[in-house]
Amino acid sequence: MSEKTGRGPAILLTNMPSPYRGPVFDLVAKALPGFKVIYCRNIEPDRQWHLPDYRHERIVLNSATLNLNGRFVHLGLNIIPHLMRLNPEVVITSQYYPAAIAAFAYAKIARVPHVCMYDGWEGFDRHLSGYHKILRRMFYRNSDAFIGVSSHTRRLFESYGVEVEGRYFWSPLCVDNDLFFKTTSHEREYHLMLSGRMVDTKLPEFTLEVILGLRARIPNLKLLLIGSGDRLEFMLKRIRAMGVAAEYPGFVQQQDLPRYYAMARILLFPTKGDCWGLVANEAMAMGTPVLTSHFAGAKEDLVRHGENGYILPIEPGAWTEHAMKLLGDDGLWNTFSARAKEAVVPFHFHNAAKGIVDAV
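Residues numbered from 1 in each chain as written. Predicted model: local features only at pLDDT ≥ 70, side-chain atom pairs only at ≥ 80, totals over all residues. Heavy atoms only, no water.

Q: For this particular structure, what's the right way to read the sheet that holds strand E2 (residues 36-39)?
A: What links the strands of a sheet is backbone hydrogen bonding, and the strands pair in either a parallel or an antiparallel sense. The 7 strands are arranged E3-E2-E1-E6-E7-E8-E9 in an open sheet whose pairing can be described as parallel. Edge positions in the sheet fall to strand E3 (57-60) and strand E9 (168-170), since each of these pairs with one other strand and no more. In this sheet, neighbouring strand axes are inclined to one another by 20° on average, regardless of whether the strands run parallel or antiparallel. Against the sheet, helix H4 (residues 130-141) touches strand E6 (91-94), strand E7 (114-118) and strand E8 (145-148), its axis set at about 130° to E7. (Pairing = 2+ DSSP bridges. Helix = DSSP H or I, 4+ residues; strand = E, 2+ residues; numbered from the N terminus. Axes fitted to C-alpha atoms, helices over the stretch in contact; angles between N-to-C directions. Contact = heavy atoms within 4.5 Å.)

Take a look at the structure:
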């Protein structure tokens, strides 16, 4: 408890434990004694992670959750009694579901500093309704500090007329780089790799067009696919119908990811809206260049066009041509691979924890 205010430690509200934030919160807890994380749920229905027992203190609300077109909205209004009991010195909220609105309202009524933590950006938020924009404006204009994952997130805050200079703190989304760095690279027997959730947002039909274009140029094209999602079976069926040699080992847990990324020469990461795209971190930590679209939050900050990957319009021909550049030129591929590993180095758990600690 703070001697100055008589209040308890900082608390952070988020949706559920994850492999890319759990280690970060463990580090924050070391730096901020008494720091606690309040989770709405232990896991969302579409996740298959096997998570370790993280060391930070946590409370799980077991929130009622609505599924709105594949997006989970956590109610979690039972957060208020927890906040009243904890009497926190700082309240950090992520996202804008009802539990977060309740925590934000508590902070304002109790006159507790509020920190707004978000991983989106203007391209990701471009389809927001008027209601959601009003809600974000309310959060942004009444927050004392801001935590974001990229330069694009900072520009999003600023687009709402908020002055963030001196109040914006970078907490990158990241993976366990050391796990990848210590993994020996394989022969790279697969030309292409797809990884992550196979859903409409990841443009399955477009991806198939790119694969078909490359199949016409490389008769023995080999594809590695890992992940899950409601379009997975559709993708596998169509890929095999093309006569493409494809391997699908099933859902792969975090500790086994490096050896799969080490088998592929390129990661295809098409998307029409990603707040970031951790598959890019995973690939680049293994020295695998990435092709992605202008709608990935990882563009520019991590994936840099013509340097360690390509950022391309949603046009199959462009993706086919740029993939062929890398697949047909070992010198270029080696350069991109080395730069990919260099670029991902700052995106690690300690920097992510530092952003949260500095904001508090």
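Q: Teacher, can you tell me more about the environment of tyrosine 131 here?
A: Examined against the element boundaries, tyrosine 131 turns out to sit in helix H4. Residue tyrosine 131 is classed as exposed on the basis of its relative accessible area of 52%. Separated by 106 residues in sequence, tyrosine 131 and lysine 237 have C-alpha atoms that sit 40 Å apart. (Buried < 20%, exposed > 50% of the residue type's maximum accessible area, 1.4 Å probe, protein only.)

Q: Explain the nonpolar core to me, please; I cannot follow it from the model alone.
A: Across soluble globular proteins, nonpolar side chains have a tendency to be buried as a group. Core analysis: the largest hydrophobic core is formed by 59 residues, its most contacted members being Tyr261, Trp276, Leu302 and Ile356. Among the elements that line this core, the one with the most residues is helix H10 (residues 278-285), at 6 residues. Every residue in contact with isoleucine 356, bar those within four places of it in the chain, is listed here: Leu12, Arg21, Val24, Phe25, Val28, Ile92, Met117, Ile147 and Ser171. (Core = buried A, V, L, I, M, F, W, Y, C linked by side-chain atoms within 4.5 Å.)

Q: When you look at helix H13 (residues 349-359) in this model, what are you seeing that I'm missing?
A: An α-helical segment advances 3.6 residues per turn. Residues three or four places apart therefore align on the same side. Along H13, the positions that sit buried rather than exposed are Phe349, Ala352, Ala353, Gly355, Ile356 and Ala359. Axial view of H13: buried residues confined to an arc of 150°, hence all on one face. Of the surrounding elements, those touching the buried residues of H13 are strand E1 (11-14), helix H1 (22-31), E6, E7, E8 and E9. (Arc of directions from axis to C-beta.)

Q: Got a minute to help me understand unusual backbone geometry in this structure?
A: With the exception of glycine, the majority of residues adopt a negative phi angle, and the majority of peptide bonds are in the trans configuration. Although it is not a glycine, asparagine 87 sits at a positive phi angle of roughly 50°. Counting through the fold element by element, asparagine 87 comes out in the loop between helix H2 (79-86) and E6. Non-glycine residue glutamate 300 carries a positive phi angle of around 70°. With respect to the helices and strands, glutamate 300 occurs in the loop between strand E14 (290-293) and strand E15 (309-312).

Q: Hey, could you run me through the packing of aromatic side chains in this one?
A: In this description, a pair of aromatic rings is defined by centroid distance and the angle of the planes. Applying the stated criterion to the full structure yields 14 aromatic pairs. Their ring planes at 65° and their centres at 5.1 Å tell us that tyrosine 96 and tyrosine 118 sit as a pair that is edge-to-face. Here tyrosine 118 lies in strand E7 and tyrosine 96 lies in the loop between E6 and helix H3 (98-109), a separation of 22 residues in the sequence. Grouping residues by exposure puts tyrosine 96 and tyrosine 118 together as buried. The ring centre of phenylalanine 234 lies 4.4 Å from the NZ or CZ of arginine 231, which sits over that ring. When the ring centre of tryptophan 333 is taken as reference, the NZ or CZ atom of arginine 265 above it lies at 4.9 Å. (Phe/Tyr/Trp six-rings, centres within 6.5 Å; stacked < 30°, edge-to-face > 60°. Lys NZ or Arg CZ within 6 Å of the ring centre and 35° of its normal.)

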